[in-house]
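# Geometric and topological summary
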Amino acid sequence: MSPDRLPDPTEQSALMNVGEVVREWWVSPVDFQWLREFLASRSLTDPVRLLIALIAALLAVVPALGLLTHDAPDHIAGRALLVVAMVTAAAWSVRWLRGPWPTAFGSALFVIWADIAITVCCLLHGNALSGLAGTTTFVLIGAYVTFFHGPRPLCAQLAWSLLTVVALAIPVATGPDGDPATAIGKAFVTIAAVVVLPPILQISYTLIRSDAVDSLVDPLTGLLNRRGLQTQSIQLARGQRVAGDTVVLISIDLDRFKTINDTLGHSVGDEVLLRSARRIRSVVRSDAVLARLGGEEFVVLDVLPLTHADELAERIRVAISAKADRAPVTASVGFAIAKRDLFAGSAADAVDALEQLLDRADTAMYEAKRAGRDRVSRDIADIADIRDSSDDDALES
């Protein structure tokens, strides 16, 4: 840049934005569980498992073909390593198809094994140029790490891939029939696909995922919004619980909240909402789904024994109504209960069941308001049927 040319503010802003994006990507947490739940909520778990199993099967085919070519290792140790790579790849393929979804640690083991297996197969190839071409297989594992692991594991995987590419490019350039131009050209193409592309994809994916998560969350309290409630409630209701448990939805509305906003200001109103959200969170299970549906209305959804619903609703009311240094507030609480099997159908059916349950809980909450506020009311529809069903389940278990 010419010394007389002043920095362009637009260019500086663009560079700052790029830097912020990269920093956000680098510090983004590894949320392996979130992605599993997201795939399950979209009924994508089985298709993704099948795709990963096919990748593992492909990694089994590579060493099998390596044993059949005229460039196969001419020593027993090399052939044995290819056989081990082939058998373990087939085992991983079956594991992805038939076994449970792995933990984050198990997933990391899969990546480490795949990287080592690819490197061994490429280095054992009798033709260095063919081995260099085989390193493009790293793009499959890079894609897996891009979506299932964070930036640091990805960078470690890319560093391993880069070292393997360089280790194979050197003999192509310096061997008896060395061809530096071919080695450099092949290496650059491979590096672009294996090393450069995955970080770009992961940064884009991180930004998209961040926006997706933000769209499910109330920006003030950090609780879920209505859309987030719909997404998370389906997973909660379908999760494994003790026989006889029921879906309990509690609707909470702060009493005379408009008066607080009008007399003390919206900043104090926001403080009351945050305090109420914290107090609700402090008395429910960590697995419970919490949401703010707008204004001063909160929702708690959990899967509990029928006999625990009244106790939980009362705990929430007492927590919110506890002494406060500024702007104390009470809450009217209503709850409704449903059988878990109402959530067992399609996602659309489960959302419909949730909305019906929410309507019933809201009706009970308004009954609490009409009865004088700062109290709990419950919807009694289907209570007898649910109790009978719960008793039957308990007997069967």
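Going along each chain's sequence as written, the residues are numbered from 1 onward. Totals for whole chains, interfaces and linings use every residue, but because this is a predicted model, local features are given only for residues with pLDDT of at least 70 and side-chain atom pairs only at 80 or more, for both listing and counting. Hydrogens and water molecules were not included; the side-chain quantities draw on all heavy atoms of the structure.

The name given to the chain in an unreviewed UniProt entry is GGDEF domain-containing protein, with the source organism recorded as Antrihabitans stalagmiti.

## Remarks on the overall build of the chain
Under the convention used in this document: Helix and strand assignments follow DSSP, with helices taken as H or I runs no shorter than four residues and strands as E runs no shorter than two, numbered in order from the N terminus. For the exposure calls, accessible area comes from a 1.4 Å probe over protein chains only, and a residue counts as buried if that area is under 20% of its type's maximum, exposed if over 50%, partly exposed in between. Contacts: residue pairs with any heavy atoms within 4.5 Å of one another. Only the protein chains shown count as covering a residue, and every accessible area follows the Shrake-Rupley method with a 1.4 Å probe.
Broken down by element type, the chain carries 15 helices and five strands. Out of the 397 residues belonging to the chain, those deemed buried represent 42%. A separation of at least 24 residues holds for 75% of the contacts in the chain among residues at least 6 apart in sequence. Of the roughly 20,700 Å² that the chain leaves accessible, carbon and sulfur atoms contribute 62%.

## Quick notes on the packing of helix α3 (residues 45–68) against helix α5 (residues 104–124)
For clarity, the threshold we go by: All axes here are fitted lines through C-alpha atoms, helices being fitted over the stretch that makes contact, and every angle between N-to-C directions spans 0 to 180 degrees. By definition in this entry, angles of less than 35 degrees are roughly parallel, angles greater than 145 are roughly antiparallel, angles of 65 to 115 are roughly perpendicular, and the rest are oblique. Left-handed is the label given to a crossing in which the near helix is rotated counterclockwise from the far helix by less than a right angle, and right-handed is the label when the rotation is clockwise.
Where α3 contacts α5, the axes come no closer than 10 Å and their chain directions differ by 25 degrees. In terms of orientation, α3 lies roughly parallel with respect to α5. Along this stretch, α3 crosses α5, giving a crossing that reads as left-handed. Contact with α3, carried on its side by I52, A56, L59 and P63, involves F110, W113, A114, I118 and C121 of α5 and no other residues of that element.

## As for the packing of aromatic side chains
This is how it is decided: The rule is short: rings of Phe, Tyr and Trp, with Trp giving its six-membered ring, pair when the centres are within 6.5 Å, and they are stacked under 30 degrees, edge-to-face over 60, tilted in between.
Scanning the entire structure with this criterion turns up nine aromatic pairs. An angle of 85 degrees between the planes, with centres 5.4 Å apart, marks the rings of W96 and W101 as edge-to-face. Residue class for W96 comes out buried when judged on its relative accessible area of 1%. W101 gets classed as buried once you look at its relative accessible area, which sits at 11%. Plain terms: the ring middles of F110 and W113 are 6.1 Å apart, the flat faces sit at 25 degrees to each other, and that makes the pair stacked. Here the residue F110 and the residue W113 both occupy positions in helix α5, the gap between them amounting to three residues, near one helical turn. Comparing F110 with W113, the two get one shared label, buried. Of the aromatic side chains, those joined through ring pairs into one cluster are W92, W96, W101, F110, W113, Y144 and F148.

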